[in-house]
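Residue-level structural notes
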Amino acid sequence: MPIGYLVTTVLMATSVVSSFSRLRPRRSSPFRLRSVFGFLLNWPFIAVGLLVASTGLAIAEGDLGPVFWIGLGLATVAAAGLVVLGRRAQGTVPAVGRALDEGLGAGWRENVDAELADRLRRRPSLAGTMFAPISSGRRRVERIANIRYGPAGRGNLLDLYRDRSGRTGRPTLIYLHPGAFRLGSKRLGARHLILRLASHGWVCGSANYRLGPSAKFPDPLIDVKRVIDWVREHGGEYGADPTAVFLVGSSAGGHLASMAALTPNDPRFQPGFETADTSVAGAICLYGYYGSVDSGEQASSPLANVSLDAPPCFVVHGDSDTLVLVEDARRFVDQLRVKSLNPVVYAELPGTQHGFDLFRSRRFETVVDGIEAFAAWTSARNG
């Protein structure tokens, strides 16, 4: 009996069905994963390929009894759902363009490079994203690994990425990886974002931070503040402009990016370096978690720290996310727009699950274009 085939199709069909809004869970959690195949839905070609391969293997085994036909029916349901999600994902380009128009004003393109503005009007190449799943610019980028930015051993290591031109005064991006505050490392997450911006003249850092269960709030946030302080003091040695620092984070990293951006120079989160300037030029949150951590500690929620002087923020979230619900991102954006004096850009990506930045895709190419445009506009405004 092809039990393995049935298990595969049950998990895939469950993942697809749960991505539609009326069937999603009612609460977000950074610690729950609805299905092992959930993230695959961001790359429908891969998911369909897995269904086809598993179906072919089941047929080759020759046992075409009731279990196989049940599995085939579930595979058909999953494939149909993937087609719908794939078609919805084609709305990413207009969604990101509309978000920038609404958040920055219709004339924002006048303050960024014309070629970048033009990229946001067209869909990226399908062939390019399929055959270069990480990044097409990685050969032009050098990695400076395992720079120690704090005292916490492996938990306080930073990798820097830059092109080989030797330029100085480059804008700086600090990336914070996903992992539910419990796992992950600086090598996990938005690799294409880091490599592509580095190839475009940025200095990009990807940082480890302390993880649970031994690390508790605010330990990871303190680590992020230490990274910012390190860039202020030493970034110039690597060609970075320490006055133009942007934070980017995914999932739990999005929580930390927003928390650090909303609590600049707060001595509660800077023990031993209270006088350091930990303000940032802007924050970008990718499918971020905005609730509290560590037994509901109120001060650990970005929602509790929104203020008038919040920096410009760019929030990106998928409307089919079953791990961190899109309603929570909307609530965070609403609070920012009510209280902050600075621009808030919110791009809600149709047909998109959690973890959409783990591999290169046409969707993520557009998001990276949007991030670069947001940062360029913010830098021009501050300059």
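Procedures and definitions
Residues numbered from 1 in each chain as written. Predicted model: local features only at pLDDT ≥ 70, side-chain atom pairs only at ≥ 80, totals over all residues. Heavy atoms only, no water. Helix = DSSP H or I, 4+ residues; strand = E, 2+ residues; numbered from the N terminus. Buried < 20%, exposed > 50% of the residue type's maximum accessible area, 1.4 Å probe, protein only. Contact = heavy atoms within 4.5 Å. Core = buried A, V, L, I, M, F, W, Y, C linked by side-chain atoms within 4.5 Å. Salt bridge = Lys/Arg side-chain N within 4 Å of Asp/Glu carboxyl O. pLDDT = per-residue confidence, 0-100. Axes fitted to C-alpha atoms, helices over the stretch in contact; angles between N-to-C directions. Parallel < 35°, antiparallel > 145°, perpendicular 65-115°, else oblique. Left-handed = near helix turned anticlockwise from the far one by under 90°. Nonpolar A, V, L, I, M, F, W, Y, C, P; charged D, E, K, R; others polar. Patch = residues over 30% accessible without salt bridge, like charges linked within 9 Å, V, L, I, M, F, W, Y side chains within 5 Å. Areas by Shrake-Rupley, 256 points an atom, 1.4 Å probe, with all protein chains shown as cover.

1. Some thoughts on the environment of Gly155
Note on placement: Gly155 falls in the loop between strand 1 (141–148) and strand 2 (157–163). Given a relative accessible area of 14%, Gly155 falls into the buried group. Considering only alpha carbons, one finds Gly155 and Pro220, 65 residues apart in sequence, at a separation of 9.1 Å. Leaving out residues up to four positions away in the same chain, Gly155 has contacts with Tyr149, Asn208, Tyr209, Arg210 and Asp223.

2. Notes on the nonpolar core
Among the nonpolar cores identified, the biggest contains 49 residues, and Leu158, Leu160, Ile174, Leu176, Trp230, Leu247 and Leu336 are the most heavily contacted of them. Among the elements that make up this core, the one with the highest residue count is helix 9 (residues 252–262) (7 residues). Among the nonpolar cores identified, the runner-up in size contains 41 residues, and Trp108, Ala117, Leu173 and Trp202 belong to it.

3. Here we look at the pattern of salt bridges
A side chain with one charge may pair with a side chain of the opposite charge, provided their charged atoms come close. Summed over all chains, the structure comprises 16 salt bridges. In this structure, Asp101 engages Arg109 in a salt bridge whose closest nitrogen and oxygen atoms are separated by 3.2 Å. For Glu348, the salt bridge is made with Arg330, and the minimal N-O distance between the two is 2.8 Å. In this pair, Glu348 is assigned in strand 8 (residues 344–349) and Arg330 in helix 10 (residues 326–339), connecting sequence segments 18 residues apart. Since its relative accessible area comes to 25%, Glu348 is described here as partly exposed. Bridged by salt links that share partners, the residues Arg196, Arg360, Glu365, Asp369 and Glu372 form one connected network.

4. Brief notes about helix 7 (residues 191–199)
A large share of helix 7 lies buried, amounting to 9 of its 9 residues. All of the buried residues along helix 7 are Arg191, His192, Leu193, Ile194, Leu195, Arg196, Leu197, Ala198 and Ser199. One or two steps after helix 7, the chain reaches Gly201, where phi turns positive at roughly 105°.

5. Re the confidence of the model for the protein chain
When the pLDDT values of the protein chain are averaged, the result is 86; 87% of them are 70 or greater. Predicted confidence in the protein chain is weakest over helix 6 (residues 126–131), with a mean pLDDT of 50, and strongest over strand 6 (residues 282–286), with 98.

6. With respect to the packing of helix 7 against helix 11 (residues 362–382)
Relative to each other, helix 7 and helix 11 sit at 50°, their axes nearing to 10 Å. The angle between helix 7 and helix 11 falls in the class oblique. Relative to helix 11, helix 7 is oriented so that their crossing is right-handed. Contacts between helix 7 and helix 11 pair His192, Leu193, Arg196 and Leu197 from the former with Phe364, Glu365, Val368, Asp369, Ile371 and Glu372 from the latter. A breakdown of the residues in the contact of helix 7 with helix 11 according to their chemical character gives 5 nonpolar, 1 polar and 4 charged.

7. Concerning a nonpolar patch on the surface
On the surface, Ile3, Val7 and Leu11 cluster together into a nonpolar patch covering about 220 Å² of accessible area. Relative to the helices and strands, Ile3 is located in helix 1 (residues 3–18). Taking relative accessible area as the criterion, Ile3 reaches 43% and is therefore assigned partly exposed.

8. Observations concerning unusual backbone geometry
The amide bond that connects Gly212 to the next residue, Pro213, takes the cis arrangement and shows omega of 5°. Here Pro213 lies in the loop between strand 4 (203–207) and helix 8 (219–234). Cis geometry marks the peptide bond from Phe217 to Pro218; its omega dihedral reads 10°. With respect to the helices and strands, Pro218 occurs in the loop between strand 4 and helix 8. Its identity as a non-glycine residue notwithstanding, Phe181 has a phi of 65°, on the positive side. Relative to the helices and strands, Phe181 resides in the loop between strand 3 (170–176) and helix 7.

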